[in-house]
Amino acid sequence: MNETVKLIYRDKTFEFPVVTGTEGEKAIDITQLRSQTGLITLDSGYGNTGACTSAITFIDGDKGILRYRGIPIEQLAEKSRFVEVAWLLIFGRLPKQDELDRFSRRLTANAPIHEDFKYHFGGFPTSAPPMAIQSAMINTLACFHPQFITLGDEEAFEEAAARLLSKVRTIAAYAYRRSIGRPFIYPDPKLKYVANFLHMMFSMPYDQYVVEPEIEHALNQILILHADHEQNCSTSTVRMVGSSRANLFASAAAGVCALWGPLHGGANVEVLEQLEAIHKGGLTPQKCIEMAKDKTSGFRLMGFGHRIYKNFDPRAKILKASAEKVLNKLGIKDPLLDIAMQLEQLALKDQYFVDRKLYPNVDFYSGIIMRAIGIPVNMFTVMFSIGRMPGWIAQWKEQHDDPNARIARPRQIYVGPTVQDYVPIENR
Ligand code: ACO
């Protein structure tokens, strides 16, 4: 049945089609709204606005469901690896063995960065935030691979995607090494994606870092859980930039900047800082909850709440279990994990959080695992950006391949001064 919605405005009735997704989600198609009625919609924060149709990721925030290309996140987190998930997201289905092998070979071949590229790191102060370096360097990549600025065919796209996905991890590791004054460590072609990253982060020229399988699994899982999340702030940024036909690298660099903010990917840093403040005694869990409820405090319980999930974030559930496992394996007793669990318990039975359906999100437990692995706090959001890269690439490609895609150009309702004359400076 073709459903429609009727809009009555100034005694006239207009009819708009209802679009239904494969999971039954419905939207009013208002493509003709302005041309027919002269009206636009106003939706601050886009809470009611669908910017595109997409076949990549499905979320049901009320039921706590997340699926990549139809596959439940729980299955992918348990059975898959990051590179396979990346292929799934970007190319739309699980890869066959030869496809996965070819993609892995491309990732390995692309792991080193151009020797000249290394000198750019020296231009940043050692105190530079790694997210600034990450974004700048991803943009710089396009200068070293100008053949990928215009992607002619599928082969060129796959090579560009592999290049970006592979080099982003080398860039992240180099940014970290630079910040602590350690020599850059070349990627090791014998190692898989996650192990190679940890090697570049933690090996020394005279001492190879050996990664435990459980740690490799946990980090694979973190990256998988961050790999896509449909039209969030940074992904919408990638699409917005890409809609002007900006190249893949420039669009991804913009995504990193959007992710940096504390209400988005930057929340994982803030969570750790809040937990540490409680641990150091400056704050108690109870006080934290009280401050989060007090609208005049400007304080939020970081790692809690989500625009879409009004139930448990399924990623947070997986990460909570993983945090306990990793800490046990490493024999670490981290008081921050106990504090996090205490905070979660307090919040889940507090009426303020219950009424607003505020649950732990992906950022609440991820930091505890990364800290146990030895990843410093200022790299947490960078880790998120490595994880999110397949999603950004997939979303950029989906938009790029859409024959109906148009440049993204929202409208506004102007509320500034009406026309007025220019006043010379001496008369003001
Ligand atoms: N602590 C206290 N109160 C909160 C929190 C929180 N963490 N999150 C939401 N609220 C309150 C709001 O104050 C608001 O209350 P009100 O209805 O009395 O005015 C209500 O819950 C609804 O919140 P909104 O701000 O409308 O929710 P929105 O969808 O705009 O924001 C967001 C979602 C940004 C994630 C928010 O929950 C938040 O700031 N959380 C903390 C930061 C965080 O963890 N971000 C990471 C999100 S996951 C990710 O990006 C990867």
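Please refer to the structure placed before this passage.
What counts and what doesn't
Residues numbered from 1 in each chain as written. Predicted model: local features only at pLDDT ≥ 70, side-chain atom pairs only at ≥ 80, totals over all residues. Heavy atoms only, no water. Helix = DSSP H or I, 4+ residues; strand = E, 2+ residues; numbered from the N terminus. Expected span 1.5 Å × (residues − 1). Contact = heavy atoms within 4.5 Å. Salt bridge = Lys/Arg side-chain N within 4 Å of Asp/Glu carboxyl O. Buried < 20%, exposed > 50% of the residue type's maximum accessible area, 1.4 Å probe, protein only. Pairing = 2+ DSSP bridges. Near = heavy atom within 4 Å. Polar contact = N/O pair within 3.5 Å; in protein donor to acceptor, adjacent residues only side chain to side chain. Nonpolar A, V, L, I, M, F, W, Y, C, P; charged D, E, K, R; others polar. Patch = residues over 30% accessible without salt bridge, like charges linked within 9 Å, V, L, I, M, F, W, Y side chains within 5 Å. Areas by Shrake-Rupley, 256 points an atom, 1.4 Å probe, with all protein chains shown as cover.

**Points about helix α12 (residues 267-279)**
In this model, α12 (13 residues) spans 18 Å end to end at C-alpha, consistent with the 18 Å of a helix rising 1.5 Å per residue. Of the surrounding secondary structure, the elements contacted by the buried residues of α12 are α13 (285-293), α15 (335-348), α17 (363-373) and α18 (380-401). At the C-terminal side of α12, Gly-281 shows a positive phi close to 95 degrees.

**Considerations on the pattern of salt bridges**
Under the definition given, this model contains 24 salt bridges. When the shortest N-O distance is used, the salt bridge between Glu-158 and Arg-106 registers 3.2 Å. Of this pair, Glu-158 sits in helix α7 (residues 154-179) while Arg-106 sits in helix α4 (residues 97-109), placing them 52 residues apart in sequence. No difference in accessibility class separates Glu-158 from Arg-106, as the two residues are buried. Of the charged contacts, one joins Glu-344 and Lys-320 as a salt bridge, the two residues approaching to 3.4 Å between their closest N and O atoms. One end of the pair, Glu-344, is in helix α15; the other, Lys-320, is in helix α14 (residues 314-330), and 24 residues separate them in sequence.

**As for the sheet that holds strand β4 (residues 57-60)**
The antiparallel open sheet is built from 3 strands, whose spatial order is β4-β5-β6. Looking at strand neighbours, the two that pair on one side only are β4 and β6 (71-72), the edges of this open sheet.

**Section: the pairing of β4**
Burial along β4 is two-sided: the face carrying Thr-57 and Ile-59 and the face carrying Phe-58 and Asp-60 are both buried. Pairing between β4 and strand β5 (residues 65-68): 4 bridges, direction antiparallel. Considered in β5, the bridge of Phe-58 is made with Arg-67. Connecting β4 to the antiparallel partner β5 that follows it, the hairpin turn spans 4 residues, and Gly-64 within it adopts a positive phi of roughly 70 degrees.

**Some details on the site of the ligand**
In the region of the ligand, 20 residues are neighbours, and Lys-295, Arg-300, Leu-301, Arg-307 and Tyr-352 sit closest. For the ligand, a nitrogen atom lies 2.7 Å from a polar atom in the backbone of Leu-301. Residue Asn-361 places a side-chain N or O atom 2.9 Å away from an oxygen atom belonging to the ligand. Looking at the shell around the ligand residue by residue, the class counts come to 10 nonpolar, 5 polar and 5 charged.

**What about a nonpolar patch on the surface?**
On the surface, a nonpolar cluster with roughly 370 Å² of combined accessible area is contributed by Leu-42, Ile-413 and Val-415. Relative to the assigned elements, Leu-42 resides in the loop between α1 (33-37) and β4. Classification of Leu-42 as exposed rests on a relative accessible area of 71%.

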